Amino acid sequence: MPVSELNAAARELRERLRAEGYFEHAAARVLLAWGAHLALLFGGLAVFVTSDVLVLRAVAMLVSCFGGLGAATIGHTASHNAVSEHRIVNQVVTFVTYPLLLMLSATYWHRSHVQVHHPSPNVVGVDDDCDLRPLFALNEQHASEPLSRVQRVVRRLASLALPLLLPFNGFGMHRQGWSHLVAELRKPRRARQPLVVLDVACMTLHLVLWLGMPMLWFSPAKVLGVYALRVGLMGFGLFAILAPGHFPAEAECLDGSLRGTSFYERQTRTSLNFRTSLVGRVLCSGLEYQIEHHLFPSVCHVHYRRMSPLVRAFCEQHGLPHRTLGWGEALWKSWLVFLRPKPVRRALALAENASREPAGASSPPARIGMRAEPLRSSLPPAA
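Below is a summary of the structure that appears in this document. (Residues numbered from 1 in each chain as written. Predicted model: local features only at pLDDT ≥ 70, side-chain atom pairs only at ≥ 80, totals over all residues. Heavy atoms only, no water.)

**Comments concerning the overall build of the protein chain**
And step 1. Tallying secondary structure elements over the protein chain gives 16 helices and four strands in all.
And step 2. Scaling as 2.2 N^0.38, a compact globule of 383 residues should have a C-alpha radius of gyration of about 21 Å, and the protein chain matches this with 21 Å.
And step 3. Dimensions of the protein chain along its principal axes, counting C-alpha atoms only, are 65 × 55 × 50 Å.
And step 4. When burial is assessed residue by residue, the protein chain has 53% of its 383 residues classed as buried.
And step 5. Intrachain contacts of the protein chain at a sequence separation of at least 6 include 75% that bridge at least 24 residues.
And step 6. Roughly 17700 Å² of accessible area belongs to the protein chain as shown, and the carbon and sulfur atoms make up 64% of that amount.
And step 7. Within the protein chain, one finds 39 positive and 26 negative side-chain charges whose respective centroids are separated by 6 Å. (Helix = DSSP H or I, 4+ residues; strand = E, 2+ residues; numbered from the N terminus. Rg over C-alpha atoms; globule rule 2.2 N^0.38 Å. Buried < 20%, exposed > 50% of the residue type's maximum accessible area, 1.4 Å probe, protein only. Contact = heavy atoms within 4.5 Å. Areas by Shrake-Rupley, 256 points an atom, 1.4 Å probe, with all protein chains shown as cover. Lys, Arg positive; Asp, Glu negative; His and termini not counted. Charge placed at Lys NZ, Arg CZ, Asp CG, Glu CD.)

So this is what it looks like as structure tokens:
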């Protein structure tokens, strides 16, 4: 099918979704869920700190981490301007959740996730989410690069020991966020993203609230230990939520030259859905519907489950993949890719002249108060 016909069919789908109310925000419902997750986060932590019963403390820490992860996935919705039609509401949820509660830079997230990952998911050389070198290689192109024997052994052992390394996942996000902010602060003032100062303030306040103030009542060793335990446990959860949508071999990696091909084929070939229980749906906040999210990122996650049959029918009708794995299967296959890197596709069935996604396919960066930087200048040239 010509790309023009596919785009026309996609516009019809978009209008149908709009007519059925799927583009309506659900701010009250989402904010209520966000508040409930924050209550679990702090309530569980309070029980952990005050209880002397070991089993109760373990359960309390798990509940706290569940709340933190649930808040994080709602923060993801806010970063796409999908919680509310009001910019300030999306900003508050994003900045309170990411830099203040999780110490993940909001401006880094916006740059890496909204501006780079979403237009080009799993595109090698563009999307950093599929580039975990030097420790790991998720695709054959990266795996084929020359390494010494020692480096190959280290990479193999690290891949085998992946579950033991996942606790460091959260700390890696901390490092990436601070590296981004330091680089931003070194830029001339006029070239700096406008919300960087707020981002730095929230990240700094995180250290005060989560480390500095607790040390007034508890020993530094205990405070650091609890902090490391919480971040480490959330590292497992982040992998369980984020990896299944793009890591398994079914979610293809694309050659960098394909970033300008059909938006709809690019998104559906590189994304997977995964099935969850009710508890999983509460935790993931729509991230289990990666295909729907990547095709319609400005839609609030509360609508994905009901609109998924329409999206699946659209994909099947027009020869686009729409695949769903069980959560356990998706996690297993996400680990296998570390051991057996997946191939890199170098051709797609559809092609188009423009590399930008269709109008309205992503959330406008300006609505969250961040300047839309030109991606072309910072991305490697197409192969």
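Read on for the rest.
**Some remarks on empty space enclosed by the protein**
And step 1. Enumeration according to the criterion identifies two cavities of 30 Å³ or more in this entry.
And step 2. One number sums up the size of the largest cavity: a volume of about 240 Å³.
And step 3. Elements with a contribution of two residues or more to the lining of the largest cavity: helix H3 (54-79), helix H4 (87-102), helix H9 (169-185) and helix H11 (220-242).
And step 4. A volume near 50 Å³ is recorded for the second largest cavity. (1 Å grid on protein atoms, 1.4 Å probe; cavity = no way out; pocket = protein on both sides within 12 Å on 5 of 7 lines; lining within 4 Å. Points joined across faces, edges and corners; volume = space filled by probe spheres on them.)

**Structural notes on the packing of aromatic side chains**
And step 1. Under the criterion given, the structure shown has 11 aromatic pairs.
And step 2. On the basis of an interplanar angle of 70° and a centroid distance of 6.1 Å, the ring pair of phenylalanine 239 and phenylalanine 247 is categorised as edge-to-face.
And step 3. The class for phenylalanine 239 is buried, based on a relative accessible area of 11%.
And step 4. Look at phenylalanine 247 and you get buried, because its relative accessible area is 14%.
And step 5. Linked through ring pairs, Phe136, Phe239, Phe247 and Phe338 together constitute an aromatic cluster.
And step 6. Over the ring of phenylalanine 23 we find arginine 18; its NZ or CZ atom is 4.4 Å from the centre of that ring.
And step 7. If you follow arginine 230 out to its NZ or CZ, it ends over the ring of tryptophan 210, 4.1 Å from the centre. (Phe/Tyr/Trp six-rings, centres within 6.5 Å; stacked < 30°, edge-to-face > 60°. Lys NZ or Arg CZ within 6 Å of the ring centre and 35° of its normal.)

**Remarks on H4**
Spacing of three or four residues puts side chains on the same side of an α-helix, whose turn is 3.6 residues.
And step 1. Counted at 1.5 Å a residue, the expected span for H4 with its 16 residues is 22 Å, and the 21 Å between its end C-alpha atoms agrees.
And step 2. Valine 96 marks the point of greatest bend in H4, at about 25°, and the proline proline 99 comes within the next four residues.
And step 3. Among the residues of H4, Asn90, Gln91, Val93, Thr94, Phe95, Thr97, Tyr98, Pro99, Leu100, Leu101 and Leu102 are the ones counted as buried.
And step 4. Tucked into the core, H4 has its buried residues touching helix H2 (27-50), H3, helix H5 (106-117), H9, helix H10 (196-212) and H11.
And step 5. Just past H4, the residue methionine 103 takes up positive phi, approximately 55°. (Expected span 1.5 Å × (residues − 1). Bend = angle between axes of the 7 residues up to and from the residue.)

**Considerations on unusual backbone geometry**
And step 1. Residue proline 134 is reached from arginine 133 by a cis peptide bond, and omega for that bond is 10°.
And step 2. A positive phi angle, near 60°, is found at asparagine 81, a position not held by glycine.
And step 3. Of note, asparagine 81 is situated in the loop between H3 and H4.
And step 4. One non-glycine residue, methionine 103, adopts positive backbone phi at about 55°.

**Focus on the packing of H10 against H11**
And step 1. H11 packs onto H10 with a crossing angle of 115° between their chain directions and a minimal axis gap of 10 Å. Together, His206, Trp210 and Leu211 of H10 and Val223, Leu224, Tyr227 and Arg230 of H11 make up the contact between the two elements. (Axes fitted to C-alpha atoms, helices over the stretch in contact; angles between N-to-C directions.)

**Observations regarding the side chain of histidine 76**
And step 1. By secondary structure assignment, the location of histidine 76 is in helix H3.
And step 2. Look at histidine 76 and you get buried, because its relative accessible area is 5%.
And step 3. When near neighbours in sequence (up to four residues on either side) are disregarded, histidine 76 contacts Tyr98, Trp109, His113, Leu287 and His293.

**Some thoughts on H11**
And step 1. Given a rise of 1.5 Å per residue, 23 residues ought to cover 33 Å, and the 32 Å separating the end C-alpha atoms of H11 matches this to within 8%.
And step 2. Within the span of H11, buried status applies to Val223, Tyr227, Arg230, Val231, Gly232, Met234, Gly235, Gly237, Leu238, Phe239, Ala240 and Ile241.

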